[in-house]
Amino acid sequence: MDFNVKKLASGAGVFFTRAVQFTEEKLGQAEKTELDPHLENLIARADCTKNWTEKILRQTEVLLQPNPIDHTGARIEEFIYDKLDKKLPSKTTNPELLGQYMLEAANEFGPGTPYGSTLITVGEYQKRLGGAERELLQTSAATFLTPLRNFLEGDWRTISKERRLLENRRLDLDICKARLKKAKQAEAKAAAAPDFQETRPRNYVLSASASALNQSGWESWDVETNPSGSEQMKLLSEEVDKAEHELRVAQTEFDRQAEVTRLLLEGISSTHLNHLRCLQDFAEAQATYYAQCHHYMQDLQRELNKCANSVSTPHPTPAVCPDPDHLSSAFPSGSSSPRDAVSSLSNHRPSTLAMEQTQLPVTGSRKAKVLYDYDAHDVSELSLLADELITVYTVPGMDPDWLIGERGNQKGKVPVTYLELLS
């Protein structure tokens, strides 16, 4: 218990001394040891990194999880799971929830009705969008948010701790410098002051000695009279030596702590490289997410166009192959064979888009690389395989989101977003 009290008292004394030194420095009444310019630049760079990392992390969380009022409970739950070192369970995203509501509404209205069937179609694609969003959240959290958070909660805390320790070592060093300065000033002042016994007249000293010997003897006079200044000089010299030793120790500890802090601060460059890779992964995750969303929405628009066409023509005529036994009765006049009859019949049917395209002038023919697999939705489109090369061109009046693609004898429309045009 006594040891703890002494330690507490010693710590309080050190704290008070540092507080006095810090206050005097702020008031301009004490000298302050300046850090190395290189170390000052490293500290400024580290502070800048910490401030901007906090802002980027906070804004990224807002981007991935907007409406913080609605997600307050979710964020508290994430914080608890993170502290317990447990994986947060997968949660339903807003598009997935919207898609689920649409499917339930379609069951209520009737899946066979136009509105009900459209709700089913849109709801399914909303669930796909929600799945893509959940994948983006998981990827972004693992590859971008977590490394930034680990830097702020791990590396930066270590740097801050060592910087506080460096500041304490600097205060101790300045305290030792001030103490040595005062000790040297006191020693110089004592050395400049004349000795009283050496300046008194000789007859005064002899008479005083005789009087003292007659009264109480030599010992009594030696105690009662003032000693020479040599003992005082000796004490002051010892005080100076002690202050110089403490200064050397404080300087060594300060230099050692400055080196440790410098090494940690130079590690900020490695932190920047790590954050650069994380940023690239985050951008790639966003690109994948938006490409998936664009693909899903294009497919949804096609499905909705089909639904609109089916509503506008409630009783479409199905395509039926002609019976070979009745071809003779179906021959037009002037046709001498089934082949001529089929050719004649095809001239009376509406021409397909692919046939129209061959009749229009071609512009801008070039090579293109396929980025993703694509399945044709009708005979006017061309199915694609990833990484294959095809020839593409456009025709006047065509939708800018589409091109005409050729692969050997196959030809059809292809979406521009699935291609990388080559020079």
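Bear in mind that the values here come from a model prediction, so they are computed numbers and not experimental data. (Residues numbered from 1 in each chain as written. Predicted model: local features only at pLDDT ≥ 70, side-chain atom pairs only at ≥ 80, totals over all residues. Heavy atoms only, no water.)

1. Considerations on the overall build of the chain
Here's step 1: A tally of regular secondary structure across the chain gives 12 helices and five strands.
Here's step 2: Pairs at least 24 apart in sequence give 69% of the contacts found in the chain among residues at least 6 apart.
Here's step 3: About 28700 Å² of surface is accessible on the chain, with carbon and sulfur atoms providing 56% of the total. (Helix = DSSP H or I, 4+ residues; strand = E, 2+ residues; numbered from the N terminus. Contact = heavy atoms within 4.5 Å. Areas by Shrake-Rupley, 256 points an atom, 1.4 Å probe, with all protein chains shown as cover.)

2. Some thoughts on the nonpolar core
Here's step 1: Among the nonpolar cores identified, the biggest contains 35 residues, and Leu35, Leu39, Phe144, Leu166 and Leu265 are the most heavily contacted of them.
Here's step 2: Counting only elements with at least two residues in this core, the list comes to helix H2 (37-64), helix H5 (114-192), helix H8 (230-266) and helix H9 (268-312).
Here's step 3: It is H5 that contributes the most residues to this core, 15 residues altogether.
Here's step 4: Every residue in contact with Leu265, bar those within four places of it in the chain, is listed here: Leu39, Leu42, Ile43, Ala46 and Ile159.
Here's step 5: The next biggest cluster of nonpolar side chains, apart from the first, holds 16 residues, and it includes Leu384, Val395, Met398 and Tyr418. (Core = buried A, V, L, I, M, F, W, Y, C linked by side-chain atoms within 4.5 Å. Buried < 20%, exposed > 50% of the residue type's maximum accessible area, 1.4 Å probe, protein only.)

3. Some remarks on the packing of aromatic side chains
Here's step 1: Enumeration according to the criterion identifies six aromatic pairs in this entry.
Here's step 2: A ring pair is formed by Phe109 and Tyr115, whose centres lie 5.4 Å apart and whose planes are at 25°; its orientation type is stacked.
Here's step 3: On the basis of relative accessible area, Phe109 is assigned to the partly exposed category, the value being 47%.
Here's step 4: Accessibility expressed as a relative area gives 51% for Tyr115, which makes it exposed.
Here's step 5: Site record: aromatic cluster; members linked through ring pairs are Tyr372, Tyr374 and Tyr418.
Here's step 6: The ring of Trp52 is capped by Lys55, whose NZ or CZ atom sits 4.5 Å from the centre of that ring.
Here's step 7: Directly above the aromatic system of Trp402 lies the positively charged group of Lys413, at a separation of 4.9 Å from the ring centroid. (Phe/Tyr/Trp six-rings, centres within 6.5 Å; stacked < 30°, edge-to-face > 60°. Lys NZ or Arg CZ within 6 Å of the ring centre and 35° of its normal.)

4. A short note on the packing of H2 against H8
The description of two packed helices rests on the angle between their axes and on the distance between the axes.
Here's step 1: Running from N to C, H2 and H8 cross one another at 45°; their axes reach a closest spacing of 10 Å. When the axis of H2 is compared with that of H8, the two are oblique. Two packed elements cross with a definite hand, and for H2 against H8 that hand is left-handed. Contacts from His38, Leu39, Leu42, Ile43 and Ala46 in H2 reach Ala258, Arg262, Leu265 and Glu266 in H8.
Here's step 2: When grouped by side-chain class, the residues that make up the contact of H2 with H8 number six nonpolar, one polar and two charged. (Axes fitted to C-alpha atoms, helices over the stretch in contact; angles between N-to-C directions. Parallel < 35°, antiparallel > 145°, perpendicular 65-115°, else oblique. Left-handed = near helix turned anticlockwise from the far one by under 90°. Nonpolar A, V, L, I, M, F, W, Y, C, P; charged D, E, K, R; others polar.)

5. A look at the pairing of strand E3 (residues 402-407)
Here's step 1: Here strand E2 (residues 389-394) pairs with E3 via three bridges, running antiparallel. Bridging across to E3, Val392 finds its partner in Gly405.
Here's step 2: Bridge analysis of E3 against strand E4 (residues 410-415) gives six bridges, and the strand direction is antiparallel. Following the sheet pairing, Gly405 is matched in E4 by Gly412.
Here's step 3: What sits between the antiparallel neighbours E3 and E4 is a turn of two residues, in which Gly408 has the positive phi angle 65°. (Pairing = 2+ DSSP bridges.)

6. Focus: the pattern of salt bridges
A side chain of one charge can pair with a side chain of the opposite charge when the charged atoms of the two come close.
Here's step 1: Counting across every chain of the model gives 18 salt bridges.
Here's step 2: A salt bridge links Arg149 to Glu61, with the shortest nitrogen-to-oxygen separation between them at 2.7 Å. In this pair, Arg149 is assigned in helix H5 and Glu61 in helix H2, connecting sequence segments 88 residues apart.
Here's step 3: Salt bridges sharing common partners tie together Arg18, Arg169, Asp172 and Glu253. (Salt bridge = Lys/Arg side-chain N within 4 Å of Asp/Glu carboxyl O.)

7. Side note on unusual backbone geometry
Here's step 1: In this model, Asp387 sits at a positive phi of 75°, which is unusual for a non-glycine residue.
Here's step 2: Structurally, Asp387 can be placed in the loop between strand E1 (363-370) and E2.

8. Quick look at the confidence of the model for the chain
Here's step 1: For the chain, the mean per-residue pLDDT works out to 77, and 70% of the residues sit at or above 70.
Here's step 2: Mean pLDDT values for the elements of the chain range from 38 in helix H12 (residues 353-359) up to 94 in H2.
Here's step 3: Counted against residues more than four places away or in other chains, residues 68-73, with its pLDDT under 50, gives three contacts.
Here's step 4: Here residues 313-361 is modelled with pLDDT under 50, and outside its nearest four sequence neighbours on either side it reaches 22 contacts, counting other chains as well. (pLDDT = per-residue confidence, 0-100.)

9. Considerations on H8
Here's step 1: With 37 residues, H8 extends 54 Å from end C-alpha to end C-alpha; this agrees with the ideal 54 Å at 1.5 Å per step.
Here's step 2: For H8, the complete set of buried residues consists of Leu236, Val240, Ala243, Leu247, Ala250, Phe254, Gln257, Ala258, Thr261 and Leu265. (Expected span 1.5 Å × (residues − 1).)

10. Observations concerning the environment of Asn274
Here's step 1: Here Asn274 shows up in helix H9.
Here's step 2: Taking C-alpha positions, Asn274 is 9.4 Å from Leu148, a pair spaced 126 residues apart along the chain.

11. Focus on the environment of Glu24
Here's step 1: With respect to the element layout, Glu24 can be found in helix H1 (residues 2-26).
Here's step 2: Ignoring any residue separated from it by four or fewer positions in sequence, one finds Glu24 in contact with Gln29 and Ala30.

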